[in-house]
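Summary of the model geometry
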Amino acid sequence: MNETSGETQKTVDVLVVGAGITGIYQLYRAREAGFSVLLLEAGDGVGGTWYWNRYPGARFDSESYTYGYLFSRELFDEWEWQEHFAEQPETERYLNHVVERFDLGRHIRLGARVTAAHLDERSGTWSVVTDDGGEVRARYLVAATGVLSVPYFPDVPGREDFRGEAYHTGLWPASPVDFAGKRVAVIGTGSSGVQIIPEIAGEVASLTVYQRTANWCTPLNNRPITPEEQAQLRAGFEAMREILNTSLAGFLHQPHDRATFDDSEEERQAFYEQMWRSPGFSKLTSHYTDLLVDPVANAGWCEFVAGKVRSIVRDPATAEKLIPKDHRFGEKRPPFVTGYYEAFNRPNVSLVDLHQTPILRFTPDGIETADGVQELDIVVWATGFDFGTGALLRMGIHGRDGLALADHWAGGPSTFLGIQTTRFPNLFFPGGPHAAAGNNPRYNGDQVDFVTDTLVYLRDHGYDTIEVGSDAEERWTRMVDEGAASAVFGEISYYFGTNIPGKPRRYLLNSGGRPKLFKEIARVAATDYRAFRLTRSRPASAASPPLRAGAAVEP
Ligand code: N01
């Protein structure tokens, strides 16, 4: 353990960036393993996504108890989630509780945004600079900066001219926004937009929803957790943890055993009804086995959902605009909703289809389309994020020979296990690009566990520098790229960077999913870290094995 602190510079073994669910866990694991650790967080509070996305209606769509930490039975027992899908304030409280309970706060510096990180090749350490004038030297840099942490504002003419209030869902202010009696616009109808719209619709004078692409929204079916369910959760903790730690996508939902056309028309409609009433993601994970592979099967479910939209939304023209015509269910990450379609039955809510009437410009008073100017007091940007690489590429990370990560990944990310990239030794980024889709904390937690085990391995074997070999990285990146063609979420989704103008179109998730990650981690352990180059910059202890250059794993 090595921790020194001077007036201007602090030195630690492990520097974690980001106090989201991944970074907090990384801090805990590294500290428990005996390393000195500091965590830098740009925000003024912990929570990451659950700190920044505090817009009205923000809530989980993974079950609360499956999203929270599972490393401590005591923590699980003492925190009673109130709802199956907790709202943002509860999640933020939970993450603050975890920090307090495990006495992590003293290792966290808030309000410190990393602006540069440079590798010192001779010592294998990182020098990290923050916007509050701080500098930290660390042997290992773990960027737990998240995949959905850099908000995207489309380049609409006149955006800066608007004189009213403007907010992005992913940068929501700490003090509540007063919507009462205001003329409000929401731009974007992804998971964030469809959560805020029904939440504020009853408060505002008018709400104009600017929709470019309709989404296949289905009910979240949230409800409070009853005392009986609380007791069942506690009694079933070990079994639940086992399922979550080994399941494909980190959910409890069990897969269905029938394909669409195994059932009669009548049985199918009954099953669709059951799915419509089922919680959150089970509509993907427990649906007919061919839903995402057979276009005819998919169309059957889409027709059912479209029927539901037509039955809820009273104005037929609005209903038709809300029904996607350009993509199948599951081709984009589906949002789950509470009262979304119903909101369009309110007289003060209207829908603008941007394919028919695009936004021409902002004026000081509002938004102008071919239909004229809609005067507004508040604009809510629910326009998404620079997914996967957004935060990493903005941190000023420079590796060997001063190479900028932004240049290294100019054509898209290349990684091994979604954890390391060549030429950036001692840098890890769990929960970053090439992470799996699903219930994020489960998969990101697997990566944090691997990073921590790796640091312990290095220490135990007298190494202090680790860099993935290019063969292993190429093999993993090829696996990602080749698997992308059959990925569940298609090229129209932000998982390919498609939503950001000029961003390389590369798949940003791990096509092999969690099983592939588990398999490779096991292989790394079994082959004594041969995929990596391990070196030491200080004398080895007598017990340490001889220095070696890591050979790449066989493709
Ligand atoms: O962002 P998005 P999000 N003009 O990218 C539109 C997680 N999340 O913040 O589809 C007009 O999905 C864009 O239109 P189009 C979750 O993983 C989870 O909503 O590109 N509109 C789209 O409608 C989610 O997937 C929860 O045509 C423009 C919207 O903006 C991820 O975060 C809750 C536009 C962006 O949708 C991101 O969701 C919230 C333009 N120029 C978020 N540019 C939970 O429930 C973009 N749009 C846990």
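Structure first, text after, so check above.
Now for a description of the structure that goes with this document. As the structure is a prediction and not an experimental result, all values here were calculated from the model.

Each value, and the rule that gives it
Residues numbered from 1 in each chain as written. Predicted model: local features only at pLDDT ≥ 70, side-chain atom pairs only at ≥ 80, totals over all residues. Heavy atoms only, no water. Helix = DSSP H or I, 4+ residues; strand = E, 2+ residues; numbered from the N terminus. Rg over C-alpha atoms; globule rule 2.2 N^0.38 Å. Buried < 20%, exposed > 50% of the residue type's maximum accessible area, 1.4 Å probe, protein only. Contact = heavy atoms within 4.5 Å. Lys, Arg positive; Asp, Glu negative; His and termini not counted. Charge placed at Lys NZ, Arg CZ, Asp CG, Glu CD. Pairing = 2+ DSSP bridges. Axes fitted to C-alpha atoms, helices over the stretch in contact; angles between N-to-C directions. Core = buried A, V, L, I, M, F, W, Y, C linked by side-chain atoms within 4.5 Å. Phe/Tyr/Trp six-rings, centres within 6.5 Å; stacked < 30°, edge-to-face > 60°.

A few points about the overall build of the protein
Tallying secondary structure elements over the protein gives 17 helices and 21 strands in all. Relative to the globule expectation of 24 Å for 555 residues, the C-alpha radius of gyration of the protein, 24 Å, shows essentially globular dimensions. Among the 555 residues that make up the protein, the fraction classed as buried is 57%. For the protein, the proportion of contacts with a sequence separation of at least 24, taken over those separated by at least 6, is 70%. A distance of 3 Å separates the average location of the 55 positive side-chain charges in the protein from that of its 73 negative side-chain charges.

Observations concerning the sheet that holds strand β16 (residues 372-375)
If you trace the three strands from one edge of the open sheet to the other, you get β14-β15-β16, paired in antiparallel fashion. A single partner strand is all that each edge strand has here, and the edge strands are β14 (359-363) and β16. Between one strand axis and the next, the sheet turns through 25° on average, direction left out of account. By the bridge criterion, four bridges tie β14 to strand β15 (residues 366-369) in an arrangement that is antiparallel.

Structural notes on the sheet that holds strand β8 (residues 165-168)
Taken together, five strands build an open sheet; the order of strands is β8-β17-β9-β10-β13 and the sheet is parallel. Strands with a single pairing partner mark the edges of an open sheet, and in this sheet they are β8 and β13 (349-353). Strand-to-strand, the axes of this sheet are offset by a mean angle of 20°, without reference to chain direction. In terms of strand pairing, strand β10 (residues 206-211) meets β13 through five bridges, oriented parallel. If you follow Val209 over to β13, its bridge partner there is Leu351. Of the strands in this sheet, β9 (183-187), β10, β13 and β17 (378-381) are in contact with helix α6 (residues 191-201), which crosses β9 at around 165°.

What to know about the nonpolar core
Leu207 and Phe532 are the most contacted members of the largest nonpolar core, which totals 129 residues. Among the nonpolar cores identified, the runner-up in size contains 24 residues, and Ala112, Ala143, Met395 and Phe424 belong to it.

Section: the packing of aromatic side chains
What the rule picks out here adds up to 44 aromatic pairs. Taking 5.1 Å as the distance between ring centres and 85° as the angle between the ring planes, the aromatic pair formed by Phe387 and Tyr495 counts as edge-to-face. Taken together, the residues span a long stretch of sequence, with Phe387 in the loop between β17 and β18 (397-398) and Tyr495 in the loop between α16 (470-484) and α17 (513-526) at a distance of 108 residues. Per residue, the accessibility class of Phe387 equals that of Tyr495, and both read buried. Centre to centre, the rings of Tyr494 and Tyr495 are 4.5 Å apart; their planes meet at 40°, and the pair counts as tilted. Residue Tyr494 is classed as partly exposed on the basis of its relative accessible area of 26%.

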